[in-house]
Amino acid sequence: MTYDFLIIGGGIAGVSAAAHLAPLGSVCLLEGESALGYHATGRSAAMYLRDYGNDVVRALNYASEEHHRTANGGVLSPRGLLSLARAQDGAAFEADLAGLGMAEISLPEAVEMFPILNMATTTRASYLAEAPDIDTDRMLQNFLKQARGQGAEVICSASVSAIRKAGRWRVQAGETEYSARILVNAAGPWVDGIAQMAGAESLGFQPYRRSMVRIPAPDGHDLRNWPMTQGAGERWYAKPDAGAWMISPGEEDPMPPHDAWADDMVLAEGIARYQEMVTPEVTRLETSWAGLRTFAPDHSLVVGFDRVVADFFWVGGQGGYGFQTAPAVAQLVGELIGGGGTSLDATVINALSPARF
Ligand SMILES: Cc1cc2nc3c(=O)[nH]c(=O)nc-3n(C[C@H](O)[C@H](O)[C@H](O)COP(=O)(O)OP(=O)(O)OC[C@H]3O[C@@H](n4cnc5c(N)ncnc54)[C@H](O)[C@@H]3O)c2cc1C
């Protein structure tokens, strides 16, 4: 089977890239799991925080916002971000104010939006109204529809096991060999492994685990309109999740690429940090999970052709920002591969280039 573009990885990175490559030629996307979005893409906190991440990430956030708000009716809905500090969290609290553009509010104001706040331990609070939820499932489906509508083929249960170049790329998945002119590496935590298979140098990506646990609504509150709430500096965070309450320890534990699961001890420690700041006891856990946030060494994404290996294109290092940056990143993938003009600033494009390593 022969294509112009072969994409490895059926998370938000690969699917959104497919939507932007489909107008340029024939596209085939290979996903090893039996469904799309099984790994990080299916396990996120689903937030759009405009000022979250370094300068390069922020540029991508800003460039993606219009798409998030408008494309196919938009995928954002109001949520808000509340940050709570203990007496000893001063530096982290100030960093949230400066970094995320949060505004300090009074504790009574904080209690009004988050009635389970523990006044005995919380000393300061800040709030960011412009912190919407992303409907991540809808976003993935929108890009998928766009890709398929323009003829892209999407094949699940097709785990790539070997890659060689004989004029064109030859990619083995199961019993089938796929051939393409350009190979797009959107394999999330596995990007370096795919590069090595293709004869390219790995770039030093590191996946970090982040766990989540769902608990029943605290004290039976109707929490649909509660903000996402965090301990200053992301010591923990929590947000409403389908009528329940989802808590993350906010950990960043380095891990090899794998199908991640929550570590009980990490969850227990994270819940203890959360527990200190709220009044109801956590008595029952409903379910837990974890995902890998994969970062390049400088925590910027990597988008562009490999420096050495021809026709090998990287879309990696989405870290904790893969959804919020995806519209701008996918557009850039189309622009760089299509060879036309680019809509992002040259300094941003250079800061994303694999050639920077
Ligand atoms: C707990 C948590 C909270 C997060 N919160 C947010 C948030 O609020 N906002 C935000 O924007 N982002 C958030 N993120 C980050 C976001 O989820 C990720 O950046 C994004 O999903 C990464 O997408 P991806 O397509 O690069 O990777 P993945 O979703 O991991 O997809 C990569 C795919 O490649 C496939 N693959 C790998 N190797 C092969 C192979 N050999 N053959 C075929 N297929 C292969 C895998 O099966 C996988 O499906 C969060 C992440 C986590 C874990």
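Everything quoted here is computed from the prediction, not taken from an experiment. (Residues numbered from 1 in each chain as written. Predicted model: local features only at pLDDT ≥ 70, side-chain atom pairs only at ≥ 80, totals over all residues.)

A few points about the overall build of the protein
Turning to step 1, where the next piece is worked out: Scanning the protein for helices and strands turns up 9 helices and 19 strands.
Turning to step 2, where the next piece is worked out: Radius of gyration (C-alpha) of the protein: 21 Å, near the 21 Å computed for a compact globule of 357 residues.
Turning to step 3, where the next piece is worked out: Along the first, second and third principal axes, the C-alpha atoms of the protein reach 70 × 40 × 35 Å.
Turning to step 4, where the next piece is worked out: Expressed as a percentage of its 357 residues, the buried residues of the protein come to 50%.
Turning to step 5, where the next piece is worked out: Sequence separation of at least 24 residues holds for 73% of the intrachain contacts in the protein that already meet a minimum separation of 6. (Helix = DSSP H or I, 4+ residues; strand = E, 2+ residues; numbered from the N terminus. Rg over C-alpha atoms; globule rule 2.2 N^0.38 Å. Buried ≥ 20, exposed ≤ 12 C-beta atoms within 10 Å, placed from the backbone. Contact = placed C-beta atoms within 7 Å.)

Topic: the site of the ligand
Turning to step 1, where the next piece is worked out: Lining the immediate environment of the ligand, one finds 38 residues, of which Gly-9, Gly-11, Gly-188, Gly-291 and Gly-322 sit closest.
Turning to step 2, where the next piece is worked out: Elements supplying a minimum of two residues to the shell around the ligand: α1 (12-21), β12 (206-215), β17 (287-295) and α8 (322-338).
Turning to step 3, where the next piece is worked out: The residue inventory of the shell around the ligand, partitioned by class, reads 17 nonpolar, 16 polar and 5 charged. (Near = placed C-beta within 6 Å. Nonpolar A, V, L, I, M, F, W, Y, C, P; charged D, E, K, R; others polar.)

Some thoughts on the pairing of strand β2 (residues 27-30)
Turning to step 1, where the next piece is worked out: Of the two faces of β2, the one lined by Val-27 and Leu-29 and the one lined by Cys-28 and Leu-30 are each fully buried.
Turning to step 2, where the next piece is worked out: Viewed along the sheet, the connection from strand β1 (residues 2-8) through α1 into β2 turns out right-handed.
Turning to step 3, where the next piece is worked out: Relative to strand β8 (residues 153-155), β2 runs parallel, the two being bridged by 3 bridges. Residue Leu-29 lies in a different strand from β8, and its bridge partner there is Val-154. (Right-handed = clockwise from strand over helix to strand, strands pointing away. Pairing = 2+ DSSP bridges.)

Quick look at unusual backbone geometry
Turning to step 1, where the next piece is worked out: A positive phi angle, close to 55°, is found at Ser-157, a residue other than glycine.
Turning to step 2, where the next piece is worked out: On the secondary structure map, Ser-157 appears in the loop between β8 and β9 (160-166).
Turning to step 3, where the next piece is worked out: The exposure class assigned to Ser-157 is exposed, which follows from the 12 C-beta atoms found within 10 Å.
Turning to step 4, where the next piece is worked out: Phi at Ala-242 is positive, roughly 50°, even though this residue is not glycine.

Considering the domain arrangement of the protein
Turning to step 1, where the next piece is worked out: Its domain assignment divides the protein into domain 1 (2-60 + 135-205 + 297-356) and domain 2 (81-129 + 208-291).
Turning to step 2, where the next piece is worked out: A C-alpha centroid distance of 31 Å is found between domain 1 and domain 2.
Turning to step 3, where the next piece is worked out: In this assembly, 12 residues from domain 1 lie in contact with 11 residues from domain 2. (Domains from an automatic or database assignment.)

Comments concerning the nonpolar core
Turning to step 1, where the next piece is worked out: Residues Leu-6, Ala-18, Val-27 and Val-184 are the most contacted members of the largest nonpolar core, which totals 113 residues.
Turning to step 2, where the next piece is worked out: No other element matches α8, which puts 8 residues into this core.
Turning to step 3, where the next piece is worked out: Looking at which domains feed residues into this core, each of domain 1 (2-60 + 135-205 + 297-356) and domain 2 (81-129 + 208-291) supplies at least three.
Turning to step 4, where the next piece is worked out: Discounting chain neighbours no more than four positions away, the residues touching Leu-6 are Cys-28, Leu-30, Trp-169, Val-171, Tyr-178, Ala-180, Leu-183 and Val-184. (Core = buried A, V, L, I, M, F, W, Y, C linked by C-beta atoms within 7 Å.)

Structural notes on α8
Turning to step 1, where the next piece is worked out: For α8, built from 17 residues, the straight-helix expectation of 24 Å at 1.5 Å per residue is met to within 8% by its first-to-last C-alpha distance of 22 Å.
Turning to step 2, where the next piece is worked out: Of all the bends in α8, the largest measures some 35° and sits at Ala-328.
Turning to step 3, where the next piece is worked out: Counting buried positions along α8 yields 13 of 17 residues, so the element is predominantly enclosed. (Expected span 1.5 Å × (residues − 1). Bend = angle between axes of the 7 residues up to and from the residue.)

Description of the environment of Ala-158
Turning to step 1, where the next piece is worked out: In this structure, Ala-158 sits in the loop between β8 and β9.
Turning to step 2, where the next piece is worked out: Along the sequence, Ala-158 and Leu-29 sit 129 residues apart, while their C-alpha atoms lie 9.2 Å from each other.
Turning to step 3, where the next piece is worked out: The contact partners of Ala-158, leaving out residues within four places of it in the chain, are Leu-30, Glu-31, Gly-32, Ala-173 and Gly-174.

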